[in-house]
Structure formats: C-alpha cells, structure tokens
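These are the residues of each chain, in order.
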Amino acid sequence: MRYRHLSTAALALGVVALTDVLRVFLPSVITIFGQAATTPAELLGAFALGWFVLALAFPPLVRRLGARPVTLAAAVALGGARLALTAAPGGRTQLWLATAGLLAGLLWLAGAAATIGRPVPGLALGIALGAVGHAVLGTYDLVWRGGPVGWAGSVALVAVFLAATVGPARPAEPGGARAWLLAGPALLLTGLVALSPAVAATAASYWRGPGGGLSWPPEPGDVATLPAWAVGIFLLAALGRPPRGRWRLAGPLALVAGAVLFATGDPGLLGPAVVLTAAGTGACLALAGSAPPSVAPPSVAPPSVVAPSSATVPPAAAGPSSAAASPAVGAPAASSPGRDPRRASRPGLAAVLGMLLFAVAAVGYYAAYDLGYPNAAVPVAMAALVAAVALGGPRRATSAPPRRWVPGIAAAGGLVVLVATGLPAGVPVPSRPGTPPAEVRVVAYNIRMGYGLDGRFDPDGLARVVARERPDVVVLGEVDRGWLLNGGHDTLALLAARLRMPYVFAPAADPLWGDAVLSRFPVAAARSERLAPAGAPTGAQALGVTVDVGGGVRLAVVATHLQPPPGREPVAQARAVAGFALRYAAGLPLVVAGDLNTEPGAPGYAEFTRVGLVDALAAARPLPTSPADEPREQIDHVLVSAGVRPAGPVAPRSTASDHLPVAVTLALP
C-alpha cells in the first residue's frame, strides 16, 4: 500500500501541475498567438491541436527508453515549466514556456500510465485538488500570482510532486487503459462545468437575479456551497464502490443529463448541470477503473499457487521457454518477460489519446463562437463517449480503493462543504445616499477576459486602472465568468470584489460570457434583450440597469458590446440597442456605453445620434481607444440623452486590456 499511496499522490499532484499549465496555455493561444481577434480561428485551432497530436509519439518513446527515466525527466520538466510560468513576463516567452510545459506534462502522463494500472484514485484526487485550490484562490491561480504567497504555493506544489515522483517505483501493473482514456475527457467536463468554481458561483448568482437571465451577486453561502458540494459528490462517486446491475446506468445517465442541461444555454439550468455532471463524471471514472472481482492485486500471490521445487523440475528440463512462461510467485503479470510490450504501452497511448480528445473538444466547442456553427452537441457527445467507455467494462466489478476509504472521503467532503460555506462573498451591499450627488462618474471598459496585452491574467491591474477614475458606475464588456478556454476565471467577481461594487451581469454568447454593470448605488431594476447576430457568430445583448442615486433621482444605464461581421458596420444591432435604450429609460436620464465597434460619424454610430443621443466624449476628440498600445480607432463610447451634461472625458493609457477605458463625469438634470 506504501507504493500505491505514493503513486496516487504523485499522479494527483501531477494532474494539478498539468492543469495549471493548461490554464496558461489555452488563453495564451488566444491572447498571444492570436492577435486582437485578427488571427483566423482555424489557425488558432491548428496551433493548439498540433502539440496534442505530436504527443502521440510519446508512448513509443516511453516503451523504447523505459517508463521510469522518462517519467522522472518529464516530471522535472513539468515542474520547471510550472515555476517558470509564475516568473514569466508574458508575451511569447509565456506562450513557449506554456507549450513546453504542456509537452512535458503529456510525456509525464504517458510515462505514468505505463506503471500505474489503477489511475482513478490519483486522477480523481488531482482533479478535485485542482478545483479546490482554484476555488480557495478565488479562481485567481498561483501560477498568475507573484509575491511571497504565489511563489511559496508554487514551490511547495512542485517540490511535493517531485518528491512523490522520485520515490520508490511501483512494479508495472496490467490494465487501466479504459480509465486512462477518460483522463482527458474528465478534465474537459470538470473544467467546462462540473468542478469549475467560477461556473458554480455564476450559477448561484443567477438564483438571485431579477429574472430574464440576469445575474446578481449571490449570497456568501451560495458562492461556496455549490462548488463544495460538487467536489464532494464527485469524490464520493469516483472513489466509492461502483453500483451493480441496473444501477450502473445511474452515473452515465446523470452525466449525459448534466451535459444536456449545460448545452441548453439556459442560465437557470446551470446549477443542476453542475451537480449532475459532477456526479456522473465521478461515477463513470469509478466504472472505468473497476476490475473483475476474480482479479487479484498484482503484488499478492493467490494462496493456492505453490512455487515448483527446483529438485522436482530441474532448470534444464524446464527449458528457457518454460522458465519465461513461469514467473515467480507473487510477481505481477506486467513484469513477466513474456508480456507483449505493445500491450504494455496501451495505457500510455490511451492517456495521450484522451488528452487529444480533450483538445479536440475544447477547440471545437469554443471555435464555434468565432466560426458560427452550433456547439451544443460538443459537451453532450463527450459525455456520451465517457458513458460508453465506462459501461464497456465488466458488469460485476470492484473499484480500486478499499471500502475503508469511503468514510474518510465522505468526512473530507463534508468538511469541505462546511468550511467553504462560511467563506465571504467579498462584494459589499450598495448604500443609497440621502441626497443625490451632483455628478456621476461613468467608466466603460472592454476588459478582454482580464488579460492584458502581454497575455498575463491580471485582475489587480484592471482594478487599478478603473479605480483611478473613482467611478460611480462601471460598464464592462467581454466579461468572462468561467470559460475553460480562458483559464476558468470569474473575472467579474474578481473585479467587483476589488472595486467593492456590486454587479448586474447579462449573458451574451452563453451564460458565462457577456456584459456587466457595476454600481456603488442600489440597482432598482434591470432587464436584458438579446440582439440578432447579424452575421456575427458571437452573441450580443443590451443590458438595461436602473440606478437609484438617491433623492428620488434615477439613472438608466444601457451596456452593450456590438458584434458586427469583420469589415462591416453594426447598423442593425445599433438600431436595436438605440430602440431598446429609449424604451427602457422611459424618460429617465439615459447613458448608453460600451464597445460599439463603430467610429464617430460611421453608419452604425449614426443610429444612436439619430434618436437624439449625444456623444459624451466629443469634447476630447480625437480619443482613440483601440488597440491599447497604439490606439487608432475610437470604438468605445459613452452616449447620453438630452439634458445630461458631460465633463472631463478621458481615455487613460493602459495595457491591462487590448482596449483603453473611457471615463466621463455626468451632471444629471
């Protein structure tokens, strides 16, 4: 058991390190290899997938050089890349370090698969540890943090991982290919929905929304309870003894049902999708990792087997072929000289193929938002594949962990739930001033999922840029609340906590991507309206929020991010937003702000001025806002209704996003 625990710990910590690298590699493909949404999606996908295809050569390499030396070398390279990413300055250095770390992680996985025949405990614990760490850090991972805390955590993770890896090697075990094949799909499903703290917290925020698919800050208990329950359910399902008979179908059916709920794109179904997918993924891992009850552990000899006496069977009489076919008592089948080496390499090939499935599904799912094809079938198809592989095993089987693990797992899961439930939400409740302020400061910012021009995820930098303007109302575009492609961060919650401003979020592309309004004043009402795609694949919406500034004075704020096809004006969407804004304001002072993807005087921009809205930034023209390092176009705007007097418009220079923020002070009538 000493070897089994050590290999399980090494596998779990390696999965955490590999997950950290993936959380850098995937967004780096978008923000560094891809430049400001101008790089074709096909090229981005080919770059990302090419490295996973290259990893198909790793299992033969492991077989030729030996699993032990390859695994040790790859673990050192993975740990080194993981630490280097914390120190990386961003840019292409970050991209290539993440790529090197990905290749090292895939090679390490192929080597580990050659020696660990029962990987489910290590895989499940690694996935769960990654999710718990992601949640405890507020989805702002150590790999992005500097300073003593970030470095101490990163060094500790790598040191313990390497210490467990260089420990005594466990003899090779047979089997495990089915479970290793599910490693990649399990990472996808848990990162996409099941164990993503950002997705779970976003689902909880929809519970408090005013309806119409809007999201408000959840209660403190809601933020932590759903992610904690998801982790606990996943661990119990993955590490417990799988059910028998017809009950074997329960886990796979739950997984497919959760994927279907997620694929609907209904914000109200996001919470049930998290729970069902967590339970189903864990149950399918348990089924895939089970073995027939008649198979004895590799290191224990059947009691009825007795070693032949050398006096009874002389070595010469037995012959070389007989000696090769008769391993010593208690020796694992995998270590016998007669074992087919190609069969021994199947787990490694299965592990690499599983990660290729991860990459194909992730790229296929998120590329749809650029190329415009339906993507709802991707998570459902992956869930169906996992269910089919899980059900393809023996009908009567035992799981790898002994029964005595289950009470401890249940206690640990319960402790996680109890502790996490008490975590604060970090977003304050707005206060209504006794008398209305004479002026309201408004900031509009396209935040590019929280990534700066250097490709580093930096919510602190974004918050500093916004806070310098001392805003009362903040309009945000390109808000990501848990996309696996972008690292699984809840960028909105991170910014809201740093700015100490509650938010209203409206989904555009799906329940996790859209626009938001933050306000230090109470929100009296809110409503969202989807916009027709008009040939652009990424969704768009118009979010109307009524802000109560006190003394009976209210301000209507409309946030949007227009999405025209490349090279065309967003005329139809601009007309729809202008009409929605006038209807929503119903005579109240009105502000329309966001990335409109049109310049002053252009046909799309004219749709706003045609209905009487005034450019609040006109006094500062020319005021280019994009791209942030060399701004040439003014496509970020603040427009106001007649009677609202703007003053002090600015576009402060910053590289915290690929756009500059715009800020203006408004005197209300």
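Now for a quick tour of the structure. (Residues numbered from 1 in each chain as written. Predicted model: local features only at pLDDT ≥ 70, side-chain atom pairs only at ≥ 80, totals over all residues. Heavy atoms only, no water.)

## Let's talk about the overall build of the protein
Each helix and strand counted, the protein has 22 helices and 12 strands in total. Partitioning the contacts of the protein with sequence separation of at least 6, the portion at a separation of at least 24 is 79%. Working note: accessible area of the protein is about 25600 Å², and carbon and sulfur atoms make up 65% of it. (Helix = DSSP H or I, 4+ residues; strand = E, 2+ residues; numbered from the N terminus. Contact = heavy atoms within 4.5 Å. Areas by Shrake-Rupley, 256 points an atom, 1.4 Å probe, with all protein chains shown as cover.)

## Examining the pairing of strand E2 (residues 473-480)
Burial within E2 is extensive, with 8 of its 8 residues counted as buried. Pairing analysis gives 5 bridges linking strand E1 (residues 439-446) to E2, with the strands arranged parallel. Considered in E2, the bridge of Val 443 is made with Val 474. What joins E1 to E2 is helix H19 (residues 459-467), and the crossover it makes is right-handed. For E2 and strand E4 (residues 513-519), the ladder comprises 6 bridges, and the chain directions are antiparallel. Note that in E4 the partner of Leu 476 across the bridge is Ala 516. (Buried < 20%, exposed > 50% of the residue type's maximum accessible area, 1.4 Å probe, protein only. Pairing = 2+ DSSP bridges. Right-handed = clockwise from strand over helix to strand, strands pointing away.)

## Some thoughts on the sheet that holds strand E12 (residues 662-667)
Think of a sheet as strands paired side by side through backbone hydrogen bonds, with each pair either parallel or antiparallel. In space, the 6 strands of this open sheet follow the order E3-E4-E2-E1-E12-E11, with mixed pairing throughout. Strands at the two margins of the open sheet, each flanked by one partner only, are strand E3 (503-510) and strand E11 (645-650). Mean inter-strand twist for the sheet, computed between neighbouring axes without regard to direction, equals 20 degrees. Pairing between E11 and E12: 4 bridges, direction antiparallel. Its bridge partner lying in E12, Val 650 is registered against Ala 663. (Axes fitted to C-alpha atoms, helices over the stretch in contact; angles between N-to-C directions.)

## Description of the side chain of Thr 39
By secondary structure assignment, the location of Thr 39 is in the loop between helix H1 (2-33) and helix H2 (41-54). Classification of Thr 39 as buried rests on a relative accessible area of 17%. Apart from residues lying up to four places away in sequence, Thr 39 is in contact with Phe 33, Gly 34 and Leu 44.

## Section: empty space enclosed by the protein
For the coordinates displayed, the defined rule picks out 5 cavities of 30 Å³ or more. Along the wall of the largest cavity there are 18 residues; nearest its centre are Thr 19, Arg 23, Leu 187, Gly 191 and Leu 484. Taken together, the elements giving at least two residues each to the lining of the largest cavity come down to H1, helix H6 (120-136) and helix H9 (183-194). The element contributing the most residues to the lining of the largest cavity is H6, with 5 residues. For the lining of the largest cavity, a count of residues per class yields 8 nonpolar, 9 polar and 1 charged. (1 Å grid on protein atoms, 1.4 Å probe; cavity = no way out; pocket = protein on both sides within 12 Å on 5 of 7 lines; lining within 4 Å. Points joined across faces, edges and corners; volume = space filled by probe spheres on them. Nonpolar A, V, L, I, M, F, W, Y, C, P; charged D, E, K, R; others polar.)

## What to know about the packing of H2 against helix H16 (residues 346-371)
Direction vectors running N to C along H2 and H16 enclose 175 degrees, while the axes themselves pass 9 Å from each other. With respect to each other, H2 and H16 are oriented roughly antiparallel. Residues Ala 41, Glu 42, Gly 45, Ala 48, Leu 49, Phe 52 and Val 53 of H2 touch H16, and the partners they reach there are Val 352, Met 355, Leu 356, Phe 358, Ala 359, Val 360, Val 363, Asp 370 and Leu 371. Of the residues assigned to the contact of H2 with H16, the class counts are 13 nonpolar, 1 polar and 2 charged. (Parallel < 35°, antiparallel > 145°, perpendicular 65-115°, else oblique.)

## Let's talk about the packing of aromatic side chains
Summed over all chains, the structure comprises 17 aromatic pairs. With a centroid separation of 6.2 Å and 85 degrees between ring planes, the pair formed by Trp 51 and Trp 96 is classed as edge-to-face. With Trp 51 in helix H2 and Trp 96 in helix H5 (residues 91-113), the pair connects residues that are 45 residues apart, well separated along the chain. We classify Trp 51 as partly exposed; its relative accessible area is 21%. Ring centres 4.9 Å apart and planes at 85 degrees place the aromatic pair Tyr 365 and Tyr 366 in the edge-to-face group. A residue is classified by how much of its surface remains accessible, and Tyr 365, at 7% relative accessible area, is buried. Residue class for Tyr 366 comes out buried when judged on its relative accessible area of 5%. Here a set of aromatic residues connected by ring pairs shows up, and it is made of Phe 262, Tyr 365, Tyr 366, Tyr 369, Trp 483 and Trp 513. Above the ring of Phe 505, the side-chain terminus of Arg 481 is found at 5.2 Å from the ring centroid. (Phe/Tyr/Trp six-rings, centres within 6.5 Å; stacked < 30°, edge-to-face > 60°. Lys NZ or Arg CZ within 6 Å of the ring centre and 35° of its normal.)

Shape is all these values report; function is a separate question.
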